[in-house]
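Listed here are the chains, written in short residue letters.
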Amino acid sequence: MGILQTLGDVMVKNGLITAFAFVGIVVWLSYLVSNKLTAGRIHGSAIAIFVGLVLAWVGGVVTGGANGLADITVLGGVGVMGGAMLRDFTIVATAFGVNFDEIRRAGIGAVISLLVGVLGSFAVGAAVAYAFGYTDAVSMTTIGAGAATYIVGPVTGSAIGASSEVIALSIAAGLVKSMMVMIGTPFVAKAIGLDNAKSAMIFGGLMGTTSGVAGGLAATDKRLVPYGAMTATFYTGLGCLLGPSVFYFAVRALTG
Amino acid sequence: MVIYGVGLLAACFLSGIFLGDLLGELIGVQANVGGVGIAMLLLILFSDALIKRGRLKAPTRQGVVFWSAIYIPVIVAMAAKQNVVAALEGGPAAFTAGALAVVGCLALVPVISRIGGAGEPLPEPDEEDV
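From a predicted model like this one, the values you see are computed outputs, not experimental measurements.

Participant: In this structure, what is going on with the overall build of chain A? I would like to understand it.
Facilitator: Within chain A, the secondary structure is distributed over twelve helices and zero strands. Mapped from its N terminus to its C terminus, chain A presents α and β elements in the order α-α-α-α-α-α-α-α-α-α-α-α. Taking 18 Å as the expected radius of gyration for a compact globule of 256 residues, we find that chain A reaches 20 Å, a close match to that expectation. Each principal axis of the C-alpha atoms in chain A carries an extent, and together these give about 65 × 45 × 30 Å. The buried share among the 256 residues of chain A stands at 59%. Intrachain contacts of chain A at a sequence separation of at least 6 include 64% that bridge at least 24 residues.

Given below as structure tokens:
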């Protein structure tokens, strides 16, 4: 057995630890680039998240799988490290030390942002679906739901009997949204006043994609994360509630 | 002890996810409704109460703070396991739907933020710690 073979075996057997080391190197290099090449103007975490997405693309192209870099055998641990369990566990941890009064102050705005965010994304997605020739109520609803999040899309689609092609499209729409939020947020943060707890909560409610909000706020200002994540976490549930019911009936009524 | 902090965090996490699942079943959707948010509220309330009684010692806090600090690397790993290829292959319909939803909602952030008065900007950050 060659040395590389042995090394590979060690990495596979200790997948999560390998992921820690690997992500450590990615983050280190990203902060190096941030400091040396952009003089700190682009946040190191923003670069690291972008690099992560590029690596996910590479992984997808190389393996043809759906889990990005995690489909490469020796880096399978990245899937555990970046999976929902650890993601949600660390998001909850960021709430430590959060001021409860800040959350109460955003109260009504946060609720409005959730409703506007879900219904707005539905409407935009459905209109785009119509423009691209998906004119039946089921497809419009499913693609609209996908524009909410990539979980609401397939949940809604399977509930109302959409074709697998349309469901795949709704997932893609949700993925595009999540990635754009991850990458774009730090660049628009100033323009939309994303510098305080209240606007972060409203941002979370409007955008809704947990991964997008989590990544976007992390790349903007780490301290905003708990506020945005708090509201975003209600979004997918609300979307799954409204998508196959209220929204589907509304679209069906409109399209006749 | 550090494990007390990790244990507190884990207990809040599990309770929150559990309540979120129950809530989802209650309103009949196949999704967790606000589990993470409920867990965060539990952590805020419990840690606040413990701090006020002086029961949250420094090592215990470290058990929570570590996981909070490991958050960004976890998000980097999350980014690295996304199905980027599928997003890019979704074609113009998927791209337009996703992109317009983002642009529209971003534009609404300042509008809704104005409800009930503007928020206070967070103070200048201290040392960068990731």
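Participant: What am I meant to see in the overall build of chain B here?
Facilitator: Broken down by element type, chain B carries six helices and zero strands. Across chain B, helices and strands are ordered from the amino to the carboxyl terminus as α-α-α-α-α-α. With respect to the principal axes defined by its C-alpha atoms, chain B has extents near 55 × 40 × 35 Å. Among the 130 residues that make up chain B, the fraction classed as buried is 48%.

Participant: Explain the interface of chain B and chain A to me, please; I cannot follow it from the model alone.
Facilitator: You'll often see interface size given as the accessible area lost when the parts meet. With 69 residues of chain B at the contact, the number on the chain A side is 96 residues. Residue assignment for the side of chain B that touches chain A shows that the elements contributing at least two residues are helix 1 (2–26), helix 2 (35–52), helix 3 (58–69), helix 4 (71–80), helix 5 (84–89) and helix 6 (91–113) of chain B. The element best represented in the side of chain B that touches chain A is helix 6 of chain B, accounting for 18 residues. Looking at the side of chain B that touches chain A residue by residue, the class counts come to 48 nonpolar, 18 polar and three charged.

Participant: I keep staring at the packing of helix 6 (residues 100–131) of chain A against helix 7 (residues 137–148) of chain A and nothing clicks. Help me out?
Facilitator: Helix-helix packing: each pair is described by the crossing angle between the helix axes and the interaxial distance. All names here are of chain A. Where helix 6 contacts helix 7, the two axes come as close as 7 Å, and the packing angle between them is 130 degrees. It follows from the interaxial angle that helix 6 and helix 7 lie oblique. Taken as a pair, helix 6 and helix 7 cross one another with a handedness that is right-handed. Along its contact with helix 6, which presents V118, S121, F122, A123, V124, G125, A126, A129 and Y130, the element helix 7 presents S139, M140, T141, I143, G144, A145, G146, A147 and A148. A breakdown of the residues in the contact of helix 6 with helix 7 according to their chemical character gives twelve nonpolar, six polar and no charged.

Participant: In this structure, what is going on with the confidence of the model for chain A? I would like to understand it.
Facilitator: For any part of a model where pLDDT is low, the fine detail of the predicted coordinates should not be relied upon. Here chain A shows a mean pLDDT of 88. Residues at 70 or above account for 100%. Considering each helix and strand of chain A separately, the mean pLDDT is smallest for helix 8 (residues 152–160) of chain A, with a value of 85, and largest for helix 4 (residues 77–81) of chain A, with 95.

Participant: Just checking my understanding: could you explain the nonpolar core for this structure?
Facilitator: Buried together is how nonpolar side chains tend to be arranged in soluble globular proteins. Grouped together as the largest cluster of nonpolar side chains are 129 residues, with contacts concentrated most on V92 of chain A together with V76 of chain B. If near-sequence neighbours (up to four positions away) are discounted, V92 of chain A is found in contact with L9, C12, F13, G16, V36, A39, M40 and L43 of chain B.

Participant: I'm lost on the environment of L50 of chain B in this one. Help?
Facilitator: Residues and elements named next belong to chain B. Secondary-structure assignment places L50 in helix 2. Residue classification places L50 among the partly exposed positions, given that 16 C-beta atoms sit within 10 Å. Once residues within four sequence positions are removed from consideration, L50 is found in contact with R55 and L56.

Participant: Where do I start with helix 5 (residues 84–94) of chain A in this structure?
Facilitator: Because each turn of an α-helix spans 3.6 residues, side chains separated by three or four positions end up pointing in the same direction. Of all eleven residues in helix 5 of chain A, nine are buried, a share of seventy percent or more. Residues of helix 5 of chain A that are buried include every one of L86, R87, D88, F89, T90, I91, V92, A93 and T94 of chain A, and no others.

Participant: For this particular structure, what's the right way to read the environment of I38 of chain B?
Facilitator: Residue and element names in this part refer to chain B. With respect to the helices and strands, the residue I38 is situated in helix 2. Sequence separation of I38 and G5 is 33 residues, and the distance between their C-alpha atoms is 18 Å. Aside from chain neighbours lying at most four places away, what touches I38 is G16, L19 and G20.

Participant: Please clarify how the packing of helix 9 (residues 164–188) of chain A against helix 6 of chain B should be interpreted in this entry.
Facilitator: For the pair helix 9 of chain A and helix 6 of chain B, interaxial distance at closest approach is 8 Å and the crossing angle is 40 degrees. The orientation of helix 9 of chain A with respect to helix 6 of chain B, classified from their angle, is oblique. As for how helix 9 of chain A packs across helix 6 of chain B, the hand of that crossing is right-handed. Residues L169, A172, A173, G174, V176, K177, M180, V181, G184 and V188 of chain A of helix 9 of chain A pack against A93, A94, F95, A97, G98, A99, A101, V102 and L106 of chain B of helix 6 of chain B.

Basis of the calculations
- All residue numbers here refer to positions counted from 1 along the written sequence of the relevant chain.
- Chains carry letters from A onward and ligands carry numbers from 1 onward, assigned in written order.
- Where local features are concerned, this predicted model is filtered to residues with pLDDT of at least 70; where side-chain atom pairs are given and counted, the filter is 80 or more; whole-chain, interface and lining totals use all residues.
- Where helices and strands are cited, they refer to DSSP runs of H or I of at least four residues and of E of at least two residues respectively, numbered from the N terminus.
- We compute the radius of gyration from the C-alpha atoms alone; for a globule the expected value is 2.2 Å times N to the 0.38, where N is the number of residues.
- Residues with at least 20 neighbouring C-beta atoms inside 10 Å of their own are called buried, those with 12 or fewer are called exposed, and the rest are partly exposed, where every C-beta is derived from the backbone.
- In this description, any two residues whose backbone-derived C-beta atoms lie within 7 Å of each other are considered to be in contact.
- In the scheme used here, Gly and all other residues not listed as nonpolar or charged are polar, with Ala, Val, Leu, Ile, Met, Phe, Trp, Tyr, Cys and Pro taken as nonpolar and Asp, Glu, Lys and Arg as charged.
- For helices, the axis comes from a line fit to the C-alpha atoms of the stretch in contact; other axes are also lines fit to C-alpha atoms, and the angle between any two N-to-C directions lies between 0 and 180 degrees.
- Should an angle fall under 35 degrees it is called roughly parallel, over 145 degrees roughly antiparallel, and 65 to 115 degrees roughly perpendicular, with every other angle called oblique.
- For any helix crossing, the convention is left-handed if the near helix is rotated counterclockwise from the far helix by under a right angle, and right-handed if that rotation is clockwise.
- How sure the predictor is of each residue is captured by pLDDT, a score from 0 to 100.
- What makes a nonpolar core is a set of buried Ala, Val, Leu, Ile, Met, Phe, Trp, Tyr and Cys residues, with links drawn between C-beta atoms within 7 Å.

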